[in-house]
Amino acid sequence: MVELTIDGTKVRVMEGTSVLEAAREMGIVIPTLCYYPGLTSYGECRVCLVEVAKGKGRSSLEASCAMPVEAGMVVLTNSEKAVKARKVVMELLIASCPTSKTLQDMASNMGINKIRFAIKDRGCILCGRCVRFCKEQMRSGGIGFVGRGTSRKVATAFGVTPVECRNCGGCEWICPVCERACTANNLVNGLCGGCQNVAPVETCRICIGCSESVGAHGHSVY
Amino acid sequence: MEVDFKRVDAIVDSYGCNRDSLISILQDAQSEYRYLPEGVIRRVASRLRLPIIQVYGVATFFKAFSLKPRGEHLVHVCLGTACHVRGAPAVLDEVKRQLGVETGETSKDMRFTLETVNCLGACALGPILVVDGNYQGQMRPGKVKSVLKQYRKGAEGN
Amino acid sequence: MNKLKSAAELERLRKKIVSQRDPKRTCVVTSVGTCGLARGAAGVAQAIAAELNKDGLKDTVDFRTTGCHGFCEIEPVVVIYPQRIVYQHVTPADVPEILSETVAKGKVIDRLLYTDPASGRKIIYEQDIPFYGKQYRLLTDSIRFIDPHNLDDYIALGGYSALSKALFDMHPEEALDEISKSGLRGRGGAGYPTFRKWEAMRSAPSYDGIRYVICNADEGDPGAYMDRSLLEGNPHNIIEGMIIGAHTMGSHDGYVYVRNEYPLAVQNLGIALEQAREYGFLGKNILGSGFDFDIKISRGGGAFICGESTALMASLEGHIGEPRQKHIHTAMKGLYGRPTDLNNVETWANVPLIINRGAKWYTKIGTEGSKGTKIFSLVGKINNTGLVEVPMGITLREMVYDIGGGIPDGKKFKAVQTGGPSGGCIPESLLDLSVDFDRLNEAGSMMGSGGMIVMDENTCMVDMARYFVKFLTEESCGKCVPCREGLDRMLDLLNAVTEGKGKKADIDLLEELGGVIKEASLCGLGGTAPNPVLSTLRYFRDEYKAHVVDKRCPAGVCKALIKFTVDAVNCTGCRVCAKECPEGAITGEKKKLHVIDQEKCVKCGLCRDLCKFDAVLVS
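The structure displayed is predicted, hence computed values, not measured ones. (Residues numbered from 1 in each chain as written. Chains lettered and ligands numbered in written order. Predicted model: local features only at pLDDT ≥ 70, side-chain atom pairs only at ≥ 80, totals over all residues.)

**Overview of the overall build of chain C**
What counts here: Here a helix means four or more residues in a row that DSSP labels H or I, a strand means two or more in a row labelled E, and each is numbered from the N terminus. Radius of gyration here is computed from C-alpha atoms only, and the compact-globule reference equals 2.2 Å multiplied by the residue count raised to the power 0.38. Comment: burial labels come from other C-beta atoms within 10 Å of the residue's own C-beta, placed from the backbone, where a count of 20 or more is buried, 12 or fewer is exposed, and between is partly exposed. We call two residues in contact whenever the C-beta atoms placed from their backbones are within 7 Å.
Each helix and strand in chain C was counted, giving 24 helices and 19 strands. For chain C, the C-alpha radius of gyration of 26 Å lies close to 25 Å, the compact-globule estimate for 619 residues. With the C-alpha coordinates of chain C rotated into their principal frame, the extents come out at 80 × 65 × 40 Å. In chain C, which comprises 619 residues, the proportion classed as buried is 56%. In chain C, the proportion of contacts linking residues at least 24 apart, taken out of those at least 6 apart, comes to 71%.

Given below as structure tokens:
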């Protein structure tokens, strides 16, 4: 068992647990996108950033989903530094994939009201959930990452349906953004927030993952 | 594009059919065909028992590989920092103008392919233009035309 | 050649080789490293070989082709021993005269001598060239004595004696201790203490006993070519270092990952490995010690990110070069999940030296926190371009002026960039900073792998920042959001600024975005990518302001903000520019003043380049 401090509270978890999971065990919710229980952690979206003390008054931001707990670790999940970085990361996400209800709602919940970067709709946040699902859960591995930098895409070899594909639809189902395509007609400054503004709900202010069937009555988390 | 499997197999075998030589294998295969045809990529994946998407991913990730046929002459302009400071962008613009292509493209007559490189390690000679492995140092936009002339002449002379 | 089966056999061979060599014998040396070859050194070498044959001098005069001697500015270079007379910019046509006059009669050919621009004196002997004056060529000096295709040259200089000592006279723990006491820090850029890596890997458990040592020869920093020079000129130095390291850490499998753009380094390394195996320095039962070890070469495919350790290993395994988080270090779980030690070329090159001469001797060189020497590639707007090896602690001023010979064309020094795209620029006010890992970090830059790019008053710092960010957007693997999308938007902002479309708020946004990318990125590429922008903002904020507020580029570089005009005083009306102008923007009759149509002008600079009368002005 490993003992660490999260948001001022000591907690003991099994060795090999990630900081994200340890926080969740305590009821602390950290926003995530590329993380999915059952798949290996990837650390791509950087939305789950937390601040970790490094001694001598210094600290660093780490992706909590990919960081294993260490004895004596001191973690702050909602520090000013972490929240500020998450907001900019969220801005970049919307700037690269604006028509996604998931992302728009997350941004609204974070209090973002302006996207200051050029909107370039890639239609994908390259979280790799589909790739990992196909490889790790379905053991097929028919899709993967192709290209580099801003040209990086999830694709099949030579653009044809791979022989490994079993039409399970898992890649579509597990996608956090394309599943929930935003249907608002006009994005103002890259932002919509229409759904949240039209029918405000009491969702937990940070994560959108569990608000699948959000209704006007809202719901409470933990 | 007819792919001679014997040649590809020979290359794979020369590296002991080892996955850790994937990049070298693809590079040697590419120098045979001047680019990487689909058939070659599929054959390499099959011989090395690797998922095709993995080999395709590698072929599209690394700048050294081209999945499109390339021209007879490969023109590289170095855009390393030392060359940049000495005026490489102007040289690149002139080459683009002379060949009528953008970076990464091949001229319509399939004679020239233009690519940029991020440092060849010959910084004392910058800016550098390499055509078919022949280095031309201390380039100025004014020298581009004459350097390319010798390669253009080649075909006309035939 | 029978494999050497003991330390004694090696020493006997060494004595034999040395006894067969007469240091007083005339030897003609020419360097055929990549930079020499790019300037025609191959032709010179061929001419020398042919001429020696013709004159029948082959039996009395030795001929040796070596790697780079460091002073790239004067290549192709020919040096005649034993006097060490040096000739610069040699052409094949000069060769017969060199042999008939200097080699046969000892007469110096004046026109081929290097002239020191500072004193105006002609220099006869290589060691007198001011460029070498303040250097301490600990690692690089041997290159001039070694033909990289001939292992005997390396042995004659004492090569593989450190290996012998490490295998037979030292316990691996003692070797580790020497490296620890030496204070050796990684030469790849980050300056991590080498012994800590070795110690961590050595004690990490391996699920099947296999562990790896890797040499990172991916040298991706544009403008840096020290590793290329070492691998081309003295590959055995690195091989010896790796064998010692492998023995210390209990590894039997080594790799050298060389970037694709270095074909000569790959070739020379391949030949060296073959010869090392022949002699018994690699393979089974090395020198009869019972230790097995061999090295494979792995080539890169043109990706800067593969210089990062986890991306390199992913690429080596046959995957795309995508990094992973390093919470679990590669020393614990690296290549194929096994303990792996990865060190830079220059780091490995230091190992035999430390084992042979001892840590105590080594620590006398350098500063408190940075021991030993460092090789730099001094390039850009500098008179003496070349590869420089200096003791840590020398100041930047000494490097730029004493070694580098100052800025050409009487221009003013502006800044020097260290650490490549991960580093920062250092302005004139900080030139007395000493070359030291920690001092450079404090100034907002870093030592980096050794690329040192000098810039003058005609270099636009905003343009340089944009250049580095553009480079990194092309090299980003694209995995994580801050690097992939963040750098792309930083480039958008910098493009706007250099095109005169920037706003004052853009500068603040650049700083904010840069700060987040630094903290939030997954790997070192994103984590250091904002450094050039942040450091130019720190020291040259006025230049940014000029671009956005005054819409002016003080250095005269950013195309959208400059104007080309013809000088009425100097123009002779020769029509050359008008004929060549790709946009037909220049009009003028013969012998009359020409005029550039600003609407049509695309600022390509061709006219300025072609004008023999300095009649094209840039404002």
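That covers the picture; the talk isn't over yet.
**With respect to the overall build of chain A**
Across its full length, chain A holds 6 helices and 7 strands. Starting at the N terminus, the α and β elements of chain A follow one another as β-β-α-β-β-β-α-α-α-β-β-α-α. Relative to its full complement of 222 residues, chain A shows a buried share of 41%. Long-range pairs, those at least 24 residues apart, make up 60% of the contacts in chain A between residues at least 6 apart in sequence.

**Section: the interface of chain C and chain B**
Heads up, the rule is: Amino acid classes used here: Ala, Val, Leu, Ile, Met, Phe, Trp, Tyr, Cys and Pro are nonpolar; Asp, Glu, Lys and Arg are charged; the rest, including Gly, are polar.
With 46 residues of chain C at the interface, the matching set in chain B holds 39 residues. Listed by contribution, the elements that provide at least two residues to the side of chain C that touches chain B are α2 (34-38), β9 (294-299), α13 (309-316), β11 (373-380), β15 (451-456), α18 (461-475) and α24 (606-610) of chain C. Classifying every residue of the side of chain C that touches chain B gives 19 nonpolar, 19 polar and 8 charged.

**Observations concerning the nonpolar core**
Convention followed: In these notes, a nonpolar core means any group of buried Ala, Val, Leu, Ile, Met, Phe, Trp, Tyr and Cys residues linked to one another through C-beta atoms within 7 Å.
By size, the foremost hydrophobic cluster in this structure holds 294 residues, and its most contacted members are Val44(B), Ile243(C) and Val416(C). Other than its neighbours up to four places away in sequence, Val416(C) contacts Leu396(C), Val400(C), Cys425(C), Ile426(C), Met452(C), Ile453(C), Val454(C) and Met455(C).

**So, the sheet that holds β9(C)**
All names here are of chain C. To keep things clear, this is the line we draw: A strand pair is defined by DSSP finding two or more bridges across the two strands. Between N-to-C directions, angles span 0 to 180 degrees; the directions come from axes that are lines fitted to C-alpha atoms, helices contributing only their stretch in contact.
Spatially, 4 strands are ordered β9-β8-β7-β10 in an open sheet, and the strand pairing comes out parallel. With partners counted over all chains shown, the strands left at the sheet margins are β9 and β10 (340-344), one partner each. When the angles between neighbouring strand axes are averaged without regard to direction, this sheet yields 20 degrees. Pairing analysis gives 6 bridges linking strand β8 (residues 253-258) to β9, with the strands arranged parallel. What sits directly across from Val258, in β9, is Arg299. Each of β7 (212-217), β8 and β9 touches helix α12 (residues 263-279); the most contacted strand, β9, lies at about 165 degrees to it.

**Describing the sheet that holds strand β5 (residues 74-76) of chain A**
Residue and element names in this part refer to chain A. One open sheet accounts for 5 strands, arranged β2-β1-β5-β3-β4; its pairing is mixed. Because the sheet does not close on itself, it has two edges, and the strands there are β2 (9-13) and β4 (58-63). This sheet shows a mean twist of 35 degrees between the axes of neighbouring strands, independent of strand direction. With 5 bridges joining them, strand β1 (residues 2-6) and β2 adopt antiparallel strand pairing.

**Remarks on the domain arrangement of chain C**
Going by this rule: What fixes the domain bounds is an automatic or database domain assignment.
In terms of domains, chain C is made up of domain 1 (25-81 + 85-124), domain 2 (151-362), domain 3 (373-456), domain 4 (461-550) and domain 5 (563-618). The distance between the C-alpha centroids of domain 3 of chain C and domain 5 of chain C comes to 37 Å.

**Examining the packing of helix α7 (residues 161-169) of chain C against helix α14 (residues 345-357) of chain C**
All names here are of chain C. Here is the rule we go by: For any pair of crossing helices, the crossing counts as left-handed if the nearer helix is rotated counterclockwise from the farther one by less than a right angle, and right-handed if it is rotated clockwise.
Across the interface, α7 lies against α14 with an axial gap of 8 Å and an inter-helix angle of 65 degrees. Judged by the twist between their axes, the crossing of α7 over α14 is left-handed. Across the interface between the two elements, Ser161, Ala162, Lys165 and Ala166 of α7 pack against Pro352, Ile355 and Asn356 of α14. In the contact of α7 with α14, the residues fall into 4 nonpolar, 2 polar and 1 charged.

**Brief notes about the domain arrangement of chain A**
Residue and element names in this part refer to chain A. Assigned domains within chain A: domain 1 (2-78) and domain 2 (129-174). Averaged C-alpha coordinates put domain 1 and domain 2 at centres separated by 28 Å. At the junction of the two partners, domain 1 supplies 6 residues and domain 2 supplies 6 residues. By residue class, the composition of the side of domain 1 that touches domain 2 is 4 nonpolar, 2 polar and no charged.

**A look at the environment of Ala415(C)**
All names here are of chain C. In this structure, Ala415 sits in strand β13 (residues 413-418). Note: C-alpha distance between Ala415 and Ala50 (365 residues apart in sequence) is 46 Å. Aside from chain neighbours lying at most four places away, what touches Ala415 is Cys425, Ile426, Pro427, Met455 and Met461.

**Remarks on helix α3 (residues 101-110) of chain A**
All names here are of chain A. Where burial is concerned, most of α3 is hidden: 7 out of the 10 residues are buried. Looking only at α3, the buried set comprises Thr102, Leu103, Gln104, Asp105, Met106, Ala107 and Ser108. Once α3 finishes, Gly111 follows within two positions and takes phi at roughly 85 degrees, a positive value.

**Here's the deal with unusual backbone geometry**
Residue and element names in this part refer to chain C. Between Glu75 and Pro76 the backbone carries a cis peptide bond, its omega angle lying at -5 degrees. Looking at where Pro76 falls in the secondary structure, it is placed in the loop between β2 (62-66) and β3 (78-81). In this structure, the amide linkage connecting Tyr81 to the following residue, Pro82, adopts the cis form with an omega of 10 degrees. Along the chain, Pro82 falls in the loop between β3 and β4 (85-87). For Asp409, which is not glycine, the phi dihedral falls at a positive 60 degrees. Within the secondary structure, Asp409 sits in the loop between α16 (396-403) and β13.

**Looking at the packing of helix α10 (residues 226-233) of chain C against α12(C)**
Residues and elements named next belong to chain C. The N-to-C vectors of α10 and α12 enclose an angle of 35 degrees; their axes lie 8 Å apart at closest approach. In the crossing of α10 with α12, the sense of the turn from one axis to the other is left-handed. Between α10 and α12, the residues in contact are Arg228, Leu231 and Glu232 and Leu264, Ala265, Asn268 and Leu269, respectively. Split into classes, the residues belonging to the contact of α10 with α12 amount to 4 nonpolar, 1 polar and 2 charged.

**Examining the interface of chain C and chain A**
Chain C puts 24 residues into the contact, and the matching count from chain A is 26 residues. Counting only elements with at least two residues in the side of chain C that touches chain A, the list comes to α18, α19 (481-498) and α20 (504-520) of chain C. Among the elements that line the side of chain C that touches chain A, the one with the most residues is α19(C), at 8 residues. Along the lines of polarity and charge, the residues of the side of chain C that touches chain A split into 10 nonpolar, 6 polar and 8 charged.

**Quick word on the pairing of β11(C)**
Residues and elements named next belong to chain C. Counting buried positions along β11 gives 8 out of 8 residues, so the element sits mostly inside the fold. Across 6 bridges, β11 lies against strand β12 (residues 386-391) in antiparallel orientation. Bridged to Leu378 within β12 is Gly386. Where β11 folds back onto β12 in an antiparallel hairpin, the turn is made up of 5 residues. With 4 bridges joining them, β11 and β15 adopt parallel strand pairing.

**Here's the deal with the environment of Thr565(C)**
Residues and elements named next belong to chain C. Its location among the elements puts Thr565 in strand β16 (residues 564-566). Judged by the 14 C-beta atoms lying within 10 Å of it, Thr565 is partly exposed. Separated by 43 residues in sequence, Thr565 and Leu522 have C-alpha atoms that sit 48 Å apart. What Thr565 contacts, discounting residues up to four positions off in sequence, is Ile596, Leu617 and Ser619.

**Some remarks on the pairing of strand β7 (residues 153-156) of chain A**
Residue and element names in this part refer to chain A. Strand direction decides the pairing type here: strand β6 (residues 143-146) and β7, joined by 4 bridges, are antiparallel. By the bridge assignment for β7, Gly144 is matched with Ala155. From the end of β6 to the start of β7, which pair antiparallel, there are 6 residues, and Gly147 there has a positive phi angle of about 80 degrees.

**Things to note about the confidence of the model for chain C**
Rules: As a per-residue quantity, pLDDT reports the predictor's confidence and falls between 0 and 100.
Chain-level statistics for chain C give a pLDDT mean of 93 and a share of 100% at 70 or above. ipTM for the predicted complex: 0.90, alongside a pTM of 0.92.

**Comments concerning the confidence of the model for chain A**
All names here are of chain A. When pLDDT is averaged along chain A, the result is 84; 82% of the residues meet or exceed 70. Low pLDDT, under 50, characterises residues 198-203; the stretch is placed with 11 contacts to residues that sit more than four places away or in other chains. Segment residues 208-222: pLDDT under 50, and 20 contacts once partners within four positions in sequence are set aside and those in other chains are kept.

**A few points about the environment of Glu261(C)**
Mapping Glu261(C) onto the fold places it in the loop between β8 and α12. When the C-alpha positions of Glu261(C) and Arg228(C) are compared, they lie 9.8 Å apart, and in sequence the two are 33 residues distant. Among residues more than four places away in sequence, those in contact with Glu261(C) are Val117(B), Leu120(B) and Gly121(B).

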